[in-house]
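The chain contents come next:
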Amino acid sequence: MTDITRADGRTPDQLRPVTIERGWSRQAEGSALISFGNTRVLCTASFTNGVPRWMSGKGRGWVTAEYAMLPRSTNERMDRESVKGRVGGRTHEISRLVGRSLRAVVDMKALGENTIVLDCDVLQADGGTRTAAITGAYVALAEALEWGREHRFIGQKATPLIDSVSAVSVGIIDGTPMLDLAYVEDVRAETDMNVVVTGRGLFVEVQGTAEGAPFDRRELNELLDLALAGTTELTGIQSAALAPAVESASVETGA
């Protein structure tokens, strides 16, 4: 890795400071306030005993997600999509991405006929909102599953959570691969990629686009290596936040 220093003082292979505050919401069965630098996302998990009608009687559960940005999460206020009367394509796409990412690490049969809905609300956006949403939603999901077990909606010996999952952005800026892009980097990246990875290092999703010149196989491999290193670090932060001895804890890594 080169000795290039980024605008915020990080090296190309360094995450922004990541903080996870578990149990942030008293009402939700699971919750986490996650920060990737100046990006902050509140993730809440709602546990319901029962499944949608189309799944009833199949002995399987369901996990889904909704993503939204608050009106003043960006530099200029934007209207709520509920006021507009329609949900935008970007919101739909990210909601589906978060849902797919979480379902990849849940055994729906072990979950039983229960439903968990993850709501990921962006409080402040500075790049990487979808990756922060996935990483924080996993912590909220794990909390909600434990709530379900404690209240005997999930079998005491059942193991619905089969792995962890986290996500991070990577990109090429001025010819240099970089990890966890802030907004000022994201908007001028020649290549921009979001990578979702399980705790075992398996890929759930890779979303990559050449905004400028196309990237080659070598550059792709470098970006994936960066993403794997970043998600490995994120997995450790998630594990620390979920440690039994840590109640409503704030766990942080510095840049």
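Residues numbered from 1 in each chain as written. Predicted model: local features only at pLDDT ≥ 70, side-chain atom pairs only at ≥ 80, totals over all residues. Heavy atoms only, no water.

*Asks:* Please explain helix H2 (residues 89-103) as it appears in this structure.
*Replies:* Since there are 3.6 residues in each turn of an α-helix, residues three or four apart along the chain are aligned in direction. Look at H2: 21 Å from first C-alpha to last across 15 residues, which is about the 21 Å you get at 1.5 Å a residue. Taken together, the buried positions of H2 are Thr91, Ile94, Ser95, Leu97, Val98, Gly99, Ser101 and Leu102. (Helix = DSSP H or I, 4+ residues; strand = E, 2+ residues; numbered from the N terminus. Expected span 1.5 Å × (residues − 1). Buried < 20%, exposed > 50% of the residue type's maximum accessible area, 1.4 Å probe, protein only.)

*Asks:* What am I meant to see in the nonpolar core here?
*Replies:* For soluble globular proteins, nonpolar side chains are generally found buried alongside one another. Core analysis: the largest hydrophobic core is formed by 53 residues, its most contacted members being Val98, Leu102, Ile116 and Leu118. Of the residues forming this core, the biggest block, ten residues, is contributed by helix H4 (residues 129-150). With sequence-adjacent residues up to four places away left out, Val98 is seen in contact with Ala65, Cys120, Ala133, Ile134 and Ala137. (Core = buried A, V, L, I, M, F, W, Y, C linked by side-chain atoms within 4.5 Å. Contact = heavy atoms within 4.5 Å.)

*Asks:* What am I meant to see in the pattern of salt bridges here?
*Replies:* When charged atoms on two side chains of opposite charge get close, those side chains can pair. Taken as a whole and assessed by the stated rule, the structure comprises eleven salt bridges. Asp8 is the partner of Arg10 in a salt bridge, and the nearest nitrogen-oxygen pair spans 2.8 Å. Take Arg10: its relative accessible area is 2%, and that puts it in the buried class. Residue classification places Asp8 among the partly exposed residues on the basis of a relative accessible area of 45%. Counted as one network, the salt bridges with shared partners bring together Arg6, Asp8, Arg10 and Glu185. (Salt bridge = Lys/Arg side-chain N within 4 Å of Asp/Glu carboxyl O.)

*Asks:* Sorry, what's going on with the packing of H2 against H4 here?
*Replies:* Each pair of packed helices can be described by the angle between their axes along with the distance between the axes. Between H2 and H4, whose axes approach to 10 Å, the crossing angle comes to 40 degrees. Overall, the two elements H2 and H4 adopt an arrangement that is oblique. The two elements H2 and H4 cross, and the hand of that crossing is right-handed. Here Arg90, Glu93, Ile94, Leu97, Val98, Ser101 and Leu102 of H2 lie close against H4, whose contacting residues are Thr129, Arg130, Ala133, Ile134, Ala137, Tyr138 and Leu141. For the contact of H2 with H4, the residue count by class is nine nonpolar, two polar and three charged. (Axes fitted to C-alpha atoms, helices over the stretch in contact; angles between N-to-C directions. Parallel < 35°, antiparallel > 145°, perpendicular 65-115°, else oblique. Left-handed = near helix turned anticlockwise from the far one by under 90°. Nonpolar A, V, L, I, M, F, W, Y, C, P; charged D, E, K, R; others polar.)

*Asks:* Explain the packing of H4 against helix H6 (residues 217-242) to me, please; I cannot follow it from the model alone.
*Replies:* At their nearest, the axes of H4 and H6 sit 10 Å apart, and the two run at 30 degrees to each other. In terms of orientation, H4 lies roughly parallel with respect to H6. Between H4 and H6 the crossing geometry is right-handed. Contacts from Thr135, Tyr138, Val139, Ala142 and Glu143 in H4 reach Leu234, Gln238 and Leu242 in H6. Considering only residue class, the contact of H4 with H6 consists of five nonpolar, two polar and one charged.

*Asks:* For this particular structure, what's the right way to read the side chain of Asp163?
*Replies:* Locating Asp163 in the fold gives a position in the loop between H4 and strand E6 (165-173). Of the polar contacts made by the side chain of Asp163, one reaches the side chain of Thr198; its length is 3.3 Å. There is a polar contact of 3.3 Å between the side chain of Asp163 and the backbone nitrogen of Gly199. Aside from chain neighbours lying at most four places away, what touches Asp163 is Val105, Tyr138, Thr198, Gly199 and Arg200. (Polar contact = N/O pair within 3.5 Å; in protein donor to acceptor, adjacent residues only side chain to side chain.)

*Asks:* Would you mind going over the environment of Ile134 with me for this structure?
*Replies:* As for its position among the elements, Ile134 is in helix H4. Judged by relative accessible area, Ile134 falls into the buried class, the value being 0%. Sequence-wise, Ile134 and Ala167 are 33 residues apart; in three dimensions their C-alpha atoms are separated by 6.2 Å. Excluding its chain neighbours within four sequence positions, the residues that come into contact with Ile134 are Leu97, Val98, Ser101, Leu102, Val165, Ser166, Ala167 and Val196.

*Asks:* Could you clarify how one ought to interpret the packing of aromatic side chains in this entry?
*Replies:* The relation between two aromatic rings is expressed through the spacing of the ring centres and the mutual angle of the planes. Applying the stated rule across the entire model yields four aromatic pairs. Between the aromatic rings of Phe47 and Phe153, the centroid separation amounts to 5.8 Å while the plane-to-plane angle is 25 degrees, which identifies the pairing as stacked. Taken together, the positions of Phe47 in strand E3 (residues 39-49) and Phe153 in the loop between H4 and E6 put the pair 106 residues apart, joining distant regions of the chain. Seen in terms of ring centroids, Trp54 and Trp62 are 5.5 Å apart; in terms of plane orientation they differ by 75 degrees. Their pairing is edge-to-face. Given the relative accessible area of 54%, Trp54 is considered exposed. A relative accessible area of 24% means that Trp62 is categorised as partly exposed. In this structure an aromatic cluster arises from ring pairing among Phe47, Trp147 and Phe153. (Phe/Tyr/Trp six-rings, centres within 6.5 Å; stacked < 30°, edge-to-face > 60°.)

*Asks:* What exactly am I supposed to notice about the sheet that holds strand E8 (residues 191-198) here?
*Replies:* Backbone-to-backbone hydrogen bonds pair the strands of a sheet. The strands run either parallel or antiparallel. Pairing in this open sheet of four strands is antiparallel, and the strands run E7-E6-E8-E9 from one edge to the other. The two strands at the open ends of the sheet, each matched to only one other strand, are strand E7 (176-179) and strand E9 (203-210). Direction aside, neighbouring strands of the sheet carry axes that sit 15 degrees apart on average. Relative to E9, E8 runs antiparallel, the two being bridged by seven bridges. Looking at the pairing, Thr191 lines up with Ala210 of E9. Where H2 meets the sheet, its contacts fall on E6, E8 and E9, and the angle it forms with E9 comes to roughly 150 degrees. Strands in contact with H4 are E6, E8 and E9; relative to E6, the strand with the most contacts, it is inclined by about 160 degrees. (Pairing = 2+ DSSP bridges.)

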